[in-house]
Amino acid sequence: LQFLYFIDLHLLPTKTESKQKIMKKGSAAPRVYGNSGGRLCDTLEGLFKEPPKCPIDVFVTKVDLDAVMQDQVVSAVVKYQITVMKRKEEITNITLLPSGVAVGKIESKKVSSPIKEETEKEKERPTDDGRVTFVNNSTVFFTSQPGMYEVTLEAQFPYATPLKQIVNFTLPRMSQCHLKAVLPWTGLEVSVPQAVTVNTKVEDNKTCVEAVLPPCDTVSIKWLKQIVAPKPDKVTPLPLQKPKPVKEMILTSGQDYLHSIGGGVCVTTLHQHFTITNGSVSTFSLEVGDCHGSAPHQATGYNDVFKQGKHVRILSVEGTGLKEWNVAEHPEKPGHQVLKIDMESAVEGVVHFVISAEIEMISTSCLIGLPSFHPVAANRAKGNVAIQARTAVEIQEVEVRRLTKVDVKEMPAKLASVPNILHAYKFLTTGFTLVLNVIKHNDVDVLVATAEQGVYRITHTGEHLFYHIAYNVRNTQRQFARVKVPPNSTIWSSLSNGSAVKPAIDASGDTLIPLVKSSNDLFSAELVFVRPADLPEGQAEKDLSIEMPTIDIPVNHLFVQLWMPVKNHYGQWHGDLQEVPHWSLEPCIRGQPQSTPAPVAHNANEWAYQLQTNVDMDDSDSVTSTIGGNNAGEPTAATSGDLAAGIKPLTFKTTPLRTGRPFHLEKLLLAPKTKIRLECKTCEAEKKKRRTLKDQQPKQCGIM
């Protein structure tokens, strides 16, 4: 409270009394004054309110800790003074000891009630001394009544380190802690980091420690043994006792190198393992440098290359418990560096780091000495070295010292699973030398896109040629397929993987169809276009030529189906395609068999109407133009007003237009951009008959 109240609390009435009994008639109302001397209130209504609720329901006021150090564990008696402020009948709990502590005898009792007047109902309620139980391996105190409790636990705590010189007592935060510890040894340096005062004395060959600690939740005690030589006695000299030999710390190093060479850079990934025995280490140092060749190889000239080479560049160091790392020049060896790794605290056992580094080569083809990391102060070192080719380079051995070549299968799993391992080595000591000759070869152009099948379905109406071409494509890198259509062609639609796409035209006039990067999976690429074409008239034989589109990717098997008007007779087709009675196999575009027949149109009106019914509108775009009809419903040819650029085209159904007499042609292995020539003789004379092929019958062939 910010104000000091000067009023006799004994004169205040209880809650059942009325303030009128105190304030007599004609008397002045009592006043309450604060520091400022001003009037605070005129009535006593505020004094009858409940006191403010304590923000903490339960807390520990004091802890007495008596500990005795033994060979394997620490036995302790912990006495808590716990104050419970909660007033309602609710369960209150507080964690006394964490998991990992063995608890033996438990005592709990209530020593006082809260400072307030108890009602008759509260007096009749039995006293709750509290309960101590285990929840999730932790020791927890429970009670349902407010008051002050004393809880005594007999427990056994483990040592914090294998050397058994540190003990940590994890306790609930308390107001005050009093520590008493007995160590069954003498000649110790004892410290309690959190203590305010520490008193140490030796009694009966034991070290006794007493300390007082401020509010805290962890109590630690540490000690170190002192080896003091006894002073010689002139009267009765005693032989000096020899101190027990101290085991020397052993540091063992294990290294697994992966050198990835290519593109003028050697990237090194080092898996560094340290094993510490009989001690602990907080800082690790590795000497970093180039592997230089020996003098007899000056004829190859790589010693001069090393003099011009750059230092190894450390990219990253990763590991558990790592605090920081830095690289500095070696004070005694020019051209070498020292990598220093600091840990957050001293570590024991096994430590693992992953070090990434790189060294820049003079060129993509040159001699290179691979970098090495020598662990300073290591008693023993061993490891493996793997050489990987990242690009199309040839790697030859020039000089190998202190390394034994082994099979790749003998490498550790993390190295054996890496692809393109060319050389593998093992070593039993550091300071090895490995000089390689890297030769960069020129890359060879390879096929990145191909069409397994191509199907051309061409319909001649007498005035126009309708083209529907489709390919089964495999593609890994190509962005477009370039199709060169015959002159005066009008593009109607293009599809890729079954979806409408926007075609484009490059500077040379080729039509670009976007492709999907599908790796080894097949997908379809389709193009629909028309062009004007006249059919020779008259009874005299005349030459008829059909122009074909070209594509810039190879086609393994090309199928062509021609539908020609029935009013003419046609001779044998000649050119770059072979006419056959039937296709050798039924082509399959997008994985669907081509076996469903389509209706045949016999005149121009039927052709235009069938073309209109074979068009779908793509759901992803709103296109209002109609191909093959006007507002009156009369079939008409497509005009420039039906076409639009920069939007997705219409999606044609898989049933193309077919009318007239069918002809089938095939070709194997069509090279990219190969022009196809196709010609025949035709006339209108009824006496002229077309020379038929074996088993050739006009029929409904498979559709796409």
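Residues numbered from 1 in each chain as written. Predicted model: local features only at pLDDT ≥ 70, side-chain atom pairs only at ≥ 80, totals over all residues. Heavy atoms only, no water.

Glancing now at the pattern of salt bridges. Per the counting criterion, the structure on display carries 14 salt bridges. When the shortest N-O distance is used, the salt bridge between Glu107 and Lys105 registers 3.2 Å. You can call Glu107 partly exposed: its relative accessible area is 41%. By relative accessible area, Lys105 is classed as partly exposed at 48%. In this structure, Asp256 engages Lys414 in a salt bridge whose closest nitrogen and oxygen atoms are separated by 3.1 Å. Of this pair, Asp256 sits in strand 14 (residues 250-262) while Lys414 sits in helix 3 (residues 413-416), and the two are 158 residues apart along the sequence. By relative accessible area, Asp256 is classed as buried at 7%. For Lys414, a relative accessible area of 36% translates into the label partly exposed. (Salt bridge = Lys/Arg side-chain N within 4 Å of Asp/Glu carboxyl O. Buried < 20%, exposed > 50% of the residue type's maximum accessible area, 1.4 Å probe, protein only. Helix = DSSP H or I, 4+ residues; strand = E, 2+ residues; numbered from the N terminus.)

As summarised here, the arrangement of the three strands in space is 8-13-10, forming an open sheet in which the pairing is antiparallel. Both edges of this open sheet fall to strand 8 (166-170) and strand 10 (188-191), since each of them pairs with a single strand only. Along the sheet, successive strands turn relative to each other by an average axial angle of 15°, direction set aside. Pairing analysis gives five bridges linking strand 8 to strand 13 (residues 218-225), with the strands arranged antiparallel. Following the sheet pairing, Ile166 is matched in strand 13 by Lys222. (Pairing = 2+ DSSP bridges. Axes fitted to C-alpha atoms, helices over the stretch in contact; angles between N-to-C directions.)

Pairing within the open sheet is mixed, and its eight strands lie in the order 30-29-33-27-26-36-44-39. Single-partner strands in this sheet number two, and they are strand 30 (499-500) and strand 39 (578-580). In the sheet, strand 39 pairs with strand 44 (residues 661-670) via three bridges, with the strands oriented antiparallel. Its bridge partner lying in strand 44, Val580 is registered against His664.

Below, the discussion takes up the side chain of Thr450. You can see Thr450 is positioned in strand 26 (residues 449-460). Among the polar contacts made by the side chain of Thr450, one reaches the main-chain carbonyl oxygen of Pro554 at a distance of 3.5 Å. Among all residues touching Thr450, those that are not within four sequence positions of it are Asn472, Val473, Arg474, Ile553, Pro554 and Asn556. (Polar contact = N/O pair within 3.5 Å; in protein donor to acceptor, adjacent residues only side chain to side chain. Contact = heavy atoms within 4.5 Å.)

For the structure shown, the criterion picks out 17 aromatic pairs. Taken together, the ring pairs connect Tyr257, Phe373, Phe427 and Phe432 into an aromatic cluster. (Phe/Tyr/Trp six-rings, centres within 6.5 Å; stacked < 30°, edge-to-face > 60°.)

Now for the pairing of strand 14. Taken across its 13 residues, strand 14 has twelve buried, putting it largely inside the fold. In this sheet, strand 15 (residues 265-289) lies alongside strand 14 in antiparallel orientation, the contact comprising 13 bridges. Among the inter-strand pairings, Ser260 is bridged to a residue of strand 15, identified as Val267. The antiparallel hairpin formed by strand 14 and strand 15 contains two residues in its connecting segment, where Gly263 sits at a positive phi of about 70°. Here ten bridges tie strand 14 to strand 21 (residues 380-389), and the two strands are oriented parallel to one another. Paired with Gly254 across the two strands is Lys382, which belongs to strand 21.

Before going further, it helps to examine unusual backbone geometry. The phi torsion at Asn497 lies on the positive side, around 60°, for a residue other than glycine. Structurally, the position occupied by Asn497 is in the loop between strand 29 (490-496) and strand 30. One non-glycine residue with positive phi stands out, namely Leu669, at about 55°. When you line up the elements, Leu669 lands in strand 44. By relative accessible area, Leu669 is classed as exposed at 67%.

Let us now look at the environment of Arg390. Inspection of the secondary structure assignment puts Arg390 in the loop between strand 21 and strand 22 (393-401). As a C-alpha pair, Arg390 and Gly263 span 127 residues in sequence and 7.9 Å in three-dimensional space. Filtering out sequence-adjacent residues up to four positions away, Arg390 remains in contact with Ser260, Ile261, Gly262, Val265 and Val267. At 3.0 Å, the side chain of Arg390 forms a polar contact with the backbone oxygen of Gly262.

Here Ser220 lies in strand 13. Setting aside residues no more than four positions away along its own chain, Ser220 makes contact with Val167, Asn168, Ser191, Val192, Pro193 and Gln194.

Grouped together as the largest cluster of nonpolar side chains are 43 residues, with contacts concentrated most on Met69, Tyr80, Ile82, Phe169 and Ile221. Excluding anything up to four places from it in sequence, Ile82 contacts Val58, Phe59, Val60, Ile94, Leu96, Phe141, Gly147, Met148, Tyr149 and Val151. Leu286, Val351, Phe427 and Leu436 belong to the second largest nonpolar core, which has 41 residues in total. (Core = buried A, V, L, I, M, F, W, Y, C linked by side-chain atoms within 4.5 Å.)

Read these as spatial facts, not as claims about activity.
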